[in-house]
Amino acid sequence: MLVVAYDDAQILDVACSSATFEIANEYGASPPYAVELGSVTGRPVRSSSGIGLSGGRRLASVTGRIDTMLVVGGHGTETAMTDDGLLTQVRRLAPRSRRIASVCPGAFVLAAAGLLDGRRATTHWGYSELMASIFPAVTVDPAPLYVRDGNVYTSAGVTSALDLALALVEDDHGPTLAREVAREMVAYLHRPADQAQISTFLAPPPGDRVVRDLAGYIATHLAEDLSPPALAARAGVSVRHLTRLFTSQWGVTPARAVRMARTEAAAHLVRGSELSLAAIARRCGFRSAETLRQAFLSRYGMTGDRIRRMADMPPPLGKEVPETLRSEGRTREL
């Protein structure tokens, strides 16, 4: 695995990914992962926290096949996405890579290199509108934790690097190894890709397959019929048994678990999109905007309008579209 970094990169983007594969090796990943840090110069990279990352390799010296090329994000993305040397190397290495991935605004680098054109992708919800405006050839989805489109993976903010890395481990070596790595890292078992980025909806412990499978189904089918009878029928158990499983494994009833998932997904969309509350209610499975309002009041003690006003959006990558991108025709469709 080649982790592509640059000055002012987010150190967690590097650490979450590399540590996941390190621990996968400790638990018997075969073949094992070999993780290398790469940069344009090959010299130590200064992270945004000020901590230096040494041991990097000059990207121009990388030859042969690459299993995974992962581009990290961070405050340095604005400069990185206009760095001709970096973009040239990313384009050169992409055809050599079995799969390509990014974390947080690292997706801007992939997009600037033309690797996301015609694809669905995600990034941190606070940067999604900017990304969509700069790169209209990319279908930007602000909601999921990570998105796979062919052999290209993009993920949301910092800690979603862990969710993406666990997903890659599961793809390579199966769910058992991914669960062992997650437990070692004291992490979620595996948050589904389509789970809302800011959700605190906790996956149940891995003790019962029925509850675990339904948790993933609930998180990715919020607008569908998730009533206890429907969930019980899907799992092939009685409603009474389903309630016992959820209560013992999760501490809440199935109906309560569904309401939690829908409410927290709706909160993400309120904070990270301009959709109306009525549209958000429909998308997340609520009967009406009023039902959603009551759910917000019950869980957060405030209405959706107040949640939207209080949203602490991160600063944009830049005040305007970089002129270099405009001059290269990357925004010609605007």
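So, here is what we can say about the structure in this document. Remember, it's a predicted structure, so these values are computed and weren't measured experimentally.

Attention now goes to the overall build of the protein. Within the protein, the secondary structure is distributed over 15 helices and 11 strands. Relative to its 334 residues, the protein shows a buried fraction of 49%. When contacts within the protein are restricted to residue pairs at least 6 apart in sequence, long-range pairs at least 24 apart make up 67% of them. For the protein, the accessible surface area stands at approximately 14800 Å², while carbon and sulfur atoms represent 51% of it.

Bridging between strand 1 (residues 2-4) and strand 2 (residues 36-39) involves three bridges; their strand directions are parallel. Bridge pairing links Leu2 to Glu36 in strand 2. In the classification by handedness, the crossover that spans strand 1, the intervening helix 1 (residues 11-26) and the parallel strand 2 is right-handed. With two bridges connecting them, strand 2 and strand 5 (residues 57-58) associate as parallel partners. Each residue of the ladder has a partner; that of Gly38, found in strand 5, is Arg57.

The subject of this paragraph is the sheet that holds strand 11 (residues 152-155). Strand order in the open sheet formed by seven strands is 5-2-1-6-7-11-10, with mixed pairing between adjacent strands. Of all strands in the sheet, those bounded by a partner on one side alone are strand 5 and strand 10 (146-149). Together, strand 1, strand 6 (66-71) and strand 7 (97-102) form the strand contacts of helix 3 (residues 84-93), whose direction differs from that of strand 6 by roughly 150°.

All right, on to the environment of Val140 then. Mapped onto the secondary structure, Val140 falls in strand 9 (residues 139-140). Taking the C-alpha atoms as reference, Val140 lies 7.8 Å from Thr123; in sequence the two are 17 residues apart. Apart from residues no more than four positions distant in its own chain, Val140 is found in contact with Ala121, Ser128, Met131 and Ala132.

Now for the side chain of Ser17. By the element assignment, Ser17 lies in helix 1. We classify Ser17 as buried; its relative accessible area is 1%. The contacts of Ser17, once residues within four sequence positions are left out, are Leu70, Val103, Ala161 and Ala165.

For the structure shown, the criterion picks out 11 salt bridges. Here Asp141 makes a salt bridge to Arg120, at a shortest N to O gap of 3.1 Å. Of this pair, Asp141 sits in the loop between strand 9 and strand 10 while Arg120 sits in strand 8 (residues 120-121), and the two are 21 residues apart along the sequence. The class for Asp141 is buried, based on a relative accessible area of 16%.

So, how was this worked out
Residues numbered from 1 in each chain as written. Predicted model: local features only at pLDDT ≥ 70, side-chain atom pairs only at ≥ 80, totals over all residues. Heavy atoms only, no water. Helix = DSSP H or I, 4+ residues; strand = E, 2+ residues; numbered from the N terminus. Buried < 20%, exposed > 50% of the residue type's maximum accessible area, 1.4 Å probe, protein only. Contact = heavy atoms within 4.5 Å. Areas by Shrake-Rupley, 256 points an atom, 1.4 Å probe, with all protein chains shown as cover. Pairing = 2+ DSSP bridges. Right-handed = clockwise from strand over helix to strand, strands pointing away. Axes fitted to C-alpha atoms, helices over the stretch in contact; angles between N-to-C directions. Salt bridge = Lys/Arg side-chain N within 4 Å of Asp/Glu carboxyl O.

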